[in-house]
Amino acid sequence: MMRRNVMLTALKAGAGAAVLATALTVVSGSALAQSGNPLNFLDGLFTGTLTKGNPSPSQPAQAPSPGGPQPWSGEDGASGHPLMTAAAIREAAGNFDACVAGMWPDAARRNVTQDNFQRFTAGLSPDLRIMDLMDAQPEFTKSIWDYLDILVNDNRMAKGREVLAKYKPQFDAVERAYGVDRYIIAAIWGIESNYSTQIGDRSVLQSTATLACIGRRQAYFKDEFLSALEILNRGDLRPEQLRGSWAGAFGPTQFMPTAFKRFAVDADGDGRRDVVDNPADLIASTANNLKKDGWQSGQSWGYEVVVPQGFNYMLADRAKSMSFGQWQQLGLRRADGQPFPATTEKAYLLAPAGAQGPGFLMLQNFRVIMKYNPAEAYALAIGHFADRLRGAPPFVQAWPREERTLSRAERLELQQLLAQRGFYRGTPDGQFGGQTREALRSFQASIGAPADGFATSDVLERLRGR
């Protein structure tokens, strides 16, 4: 992605989630990436493997670079994939026109007219800068608490309340039709694009055509490119509206073209599904997405909980759901002192800062938010932001703000040291997923420390034998 100087630019600009994630993490080629994304968002930030099983929801957009488009570096991609070498990229770029023309039969099978195919593809050229963004290597991460501080702030909450008031009739109608909480939709809108102020300025057609013909995810992005042509052919959106991130996500709540096809609705009956400039369609389409992903009406996303001393953090796992009653028997209680609404409901424990920070019991709706975007940090920000818009206070418990986030070099070293001791069997790459977390937990248990899988400088020192 962009390098570390993006941080100050993003903060000064009041950037939306995508730009902030880029600036805060420099972790992947697309911040807050949705499923099917060639890279992962916030790898190793705190817990979980931040990949996506769902092949194609949104990818929040990047704001345009202040200095205009940047050129391709001309270097091999960091992934080492044979299609990401500089030579392979140049060769594919030289064949770009033929590649695009060769997709006409597939477009025709999708009922795109030949006139429209020629009109919408005329003058397309590859945006090779995308190859750098696609294959960027993570260097630094930002802590979960800093991430939340920036995304859930007073200014964004004020804008969110204005949006909720301005479009109250549309939110009322959507809650009746879909049963999806208006505050969650408003939170997604705010965090994805800072309420339509940061939706990206790259041509979706150019981006998806580039990725369909060049690089290591051509089959995936061919479907996105053809879907973008279908959207234009149908007349839902105009080409100038179809602008967004380098990976093809567009609109205030960031739909990938294939996700648009599945979830976009014409809420006001004007014959177009306009998720860019029509608030009724935008709100309803986002709600439809969440509803079809399994949103449960009237249920929270989760609850902040106090985890007792000596707790077995091996139970803090997305695959280990238990009822609220069972969690209570293990000593967990709500941080605000309120009772759980139903002791039979099942939830899993998320401990994003390990034993040093707050815990959260996550319900089905948290999993639904993670279908919209696979990063637990993102889903936690959405849930918390929605609660704040509803009038709830900040989290009760303190984060371990004194902890220093490990650099990529340190994360790589930690994996190497875990491998040397026989705990880690993967390939060290500086990106923390489930395998790294399990290895770290095993090491922590071996030294009598809380096995919470939270990578700290102290754990690294212990691995170094100091």
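Figured I'd write up the structure that's included with this text. Source: prediction; values computed, not measured.

## With respect to the overall build of the protein chain
Right, on to step 1. Looking only at helices and strands, the protein chain features 21 helices and 7 strands.
Right, on to step 2. When contacts within the protein chain are restricted to residue pairs at least 6 apart in sequence, long-range pairs at least 24 apart make up 69% of them.
Right, on to step 3. Summed over its atoms, the accessible surface of the protein chain is roughly 18100 Å², and 49% of this surface lies on carbon and sulfur atoms.

## Quick word on the environment of asparagine 278
Right, on to step 1. Locating asparagine 278 in the fold gives a position in the loop between helix 14 (257–263) and helix 15 (279–292).
Right, on to step 2. Given a relative accessible area of 12%, asparagine 278 falls into the buried group.
Right, on to step 3. The sequence separation of asparagine 278 and aspartate 266 amounts to 12 residues, and the corresponding C-alpha distance is 9.5 Å.
Right, on to step 4. Ignoring any residue separated from it by four or fewer positions in sequence, one finds asparagine 278 in contact with Asp268 and Asp270.
Right, on to step 5. Of note is the side chain of asparagine 278, whose polar atom sits 3.0 Å from the backbone nitrogen of alanine 280.

## Examining the nonpolar core
Right, on to step 1. One finds Phe171, Leu290, Phe366, Tyr378, Leu380 and Trp399 to be the most contacted residues of the largest nonpolar core, which totals 53 residues.
Right, on to step 2. Broken down by element, this core gets its largest block of residues, 9 residues, from helix 18 (residues 376–390).
Right, on to step 3. Not counting the four nearest positions on each side in its chain, phenylalanine 171 is found in contact with Val163, Leu164, Arg182, Ile185, Ala186, Trp189 and Ile283.
Right, on to step 4. If you look at the next biggest cluster of nonpolar residues, it comprises 49 residues, including Val112, Phe120, Val204 and Phe225.

## Quick look at the layout of surface pockets
Right, on to step 1. The volume enclosed by the largest pocket comes to roughly 500 Å³.
Right, on to step 2. In terms of lining residues, the largest pocket is bounded by 23 residues, among which Gly302, Tyr303, Arg334, Asp387 and Ala392 are the most central.
Right, on to step 3. Elements with a minimum of two residues in the lining of the largest pocket: strand 3 (302–306) and helix 18.
Right, on to step 4. Among the residues forming the lining of the largest pocket, the class breakdown is 10 nonpolar, 7 polar and 6 charged.

## Focus on the sheet that holds strand 3
Right, on to step 1. The strand order across the open sheet formed by 5 strands is 4-6-7-3-5, and the pairing between neighbours is antiparallel. Each of the sheet's edge strands pairs with one partner strand only, and the pair in question is strand 4 (322–323) and strand 5 (333–334).
Right, on to step 2. Where strand 3 and strand 7 (residues 359–362) come together, 4 bridges link them in antiparallel fashion. Bridge pairing in strand 7 links valine 305 to glycine 359.

## Some remarks on the pairing of strand 7
Right, on to step 1. Across the two faces of strand 7 the burial is the same, with Gly359 and Leu361 and Phe360 and Met362 all buried.
Right, on to step 2. Sheet topology places strand 6 (residues 346–350) next to strand 7; 3 bridges connect them, and they run antiparallel. Paired with leucine 349 across the strands is leucine 361, a residue of strand 7.

## Comments concerning the packing of helix 20 (residues 434–446) against helix 21 (residues 457–464)
Right, on to step 1. Running from N to C, helix 20 and helix 21 point in directions that differ by 70°, and their axes come no closer than 11 Å. By the angle between their directions, the pair helix 20 and helix 21 is classed as roughly perpendicular. The crossing of helix 20 and helix 21 is left-handed. For the pair formed by helix 20 and helix 21, the contact residues are Leu440, Phe443 and Gln444 on the first element and Val459, Arg462 and Leu463 on the second.
Right, on to step 2. Counted by class, the contact of helix 20 with helix 21 contains 4 nonpolar, 1 polar and 1 charged residues.

## Focus on the environment of lysine 346
Right, on to step 1. For lysine 346, the location among the structural elements is in strand 6.
Right, on to step 2. What makes lysine 346 exposed here is its relative accessible area of 57%.
Right, on to step 3. Each C-alpha atom, one on lysine 346 and one on leucine 361, is 8.9 Å from the other, the two residues being 15 residues apart in sequence.
Right, on to step 4. Those residues within four positions of lysine 346 in sequence are excluded, and the remaining contacts are Ser321, Met322, Ser323, Met362 and Leu363.

## A short note on helix 8 (residues 144–151)
Residues lying three or four places apart along an α-helix face the same way, a consequence of the helix completing one turn every 3.6 residues.
Right, on to step 1. Where burial is concerned, most of helix 8 is hidden: 6 out of the 8 residues are buried.
Right, on to step 2. Considered for burial, the residues of helix 8 that qualify are Ile144, Trp145, Tyr147, Leu148, Ile150 and Leu151.

## With respect to helix 3 (residues 86–94)
Right, on to step 1. Listing the buried residues of helix 3 in full gives Ala86, Ala88, Ile89, Ala92 and Ala93. Take helix 3 and look down its axis: the buried residues cluster within an arc of 165°, on one side only. Away from its buried face by more than 90 degrees, helix 3 exposes Ala87, Glu91 and Gly94.
Right, on to step 2. Where helix 3 is buried, its residues touch helix 4 (96–101), helix 7 (129–134) and helix 12 (204–213).

## Focus on the pairing of strand 6
Right, on to step 1. In terms of burial, strand 6 is largely enclosed, as 4 of its 5 residues are buried.
Right, on to step 2. Examined bridge by bridge, strand 4 and strand 6 share 2 bridges and lie antiparallel to one another. Across the sheet, residue serine 323 finds its bridge partner in strand 6, namely lysine 346.

## Topic: unusual backbone geometry
Right, on to step 1. Even without being a glycine, tyrosine 195 presents a positive backbone phi close to 55°.
Right, on to step 2. Assignment of secondary structure puts tyrosine 195 in the loop between helix 11 (182–193) and strand 1 (202–203).
Right, on to step 3. Judged by relative accessible area, which is 9%, tyrosine 195 ranks as buried.
Right, on to step 4. Unusually for a residue other than glycine, glutamine 254 sits at a positive phi of about 60°.
Right, on to step 5. Looking at the secondary structure, you find glutamine 254 in the loop between strand 2 (243–244) and helix 14.
Right, on to step 6. According to the relative accessible area criterion, glutamine 254 is buried, its value standing at 0%.

Rules of the game
- Residues numbered from 1 in each chain as written.
- Predicted model: local features only at pLDDT ≥ 70, side-chain atom pairs only at ≥ 80, totals over all residues.
- Heavy atoms only, no water.
- Helix = DSSP H or I, 4+ residues; strand = E, 2+ residues; numbered from the N terminus.
- Contact = heavy atoms within 4.5 Å.
- Areas by Shrake-Rupley, 256 points an atom, 1.4 Å probe, with all protein chains shown as cover.
- Buried < 20%, exposed > 50% of the residue type's maximum accessible area, 1.4 Å probe, protein only.
- Polar contact = N/O pair within 3.5 Å; in protein donor to acceptor, adjacent residues only side chain to side chain.
- Core = buried A, V, L, I, M, F, W, Y, C linked by side-chain atoms within 4.5 Å.
- 1 Å grid on protein atoms, 1.4 Å probe; cavity = no way out; pocket = protein on both sides within 12 Å on 5 of 7 lines; lining within 4 Å.
- Points joined across faces, edges and corners; volume = space filled by probe spheres on them.
- Nonpolar A, V, L, I, M, F, W, Y, C, P; charged D, E, K, R; others polar.
- Pairing = 2+ DSSP bridges.
- Axes fitted to C-alpha atoms, helices over the stretch in contact; angles between N-to-C directions.
- Parallel < 35°, antiparallel > 145°, perpendicular 65-115°, else oblique.
- Left-handed = near helix turned anticlockwise from the far one by under 90°.
- Arc of directions from axis to C-beta.

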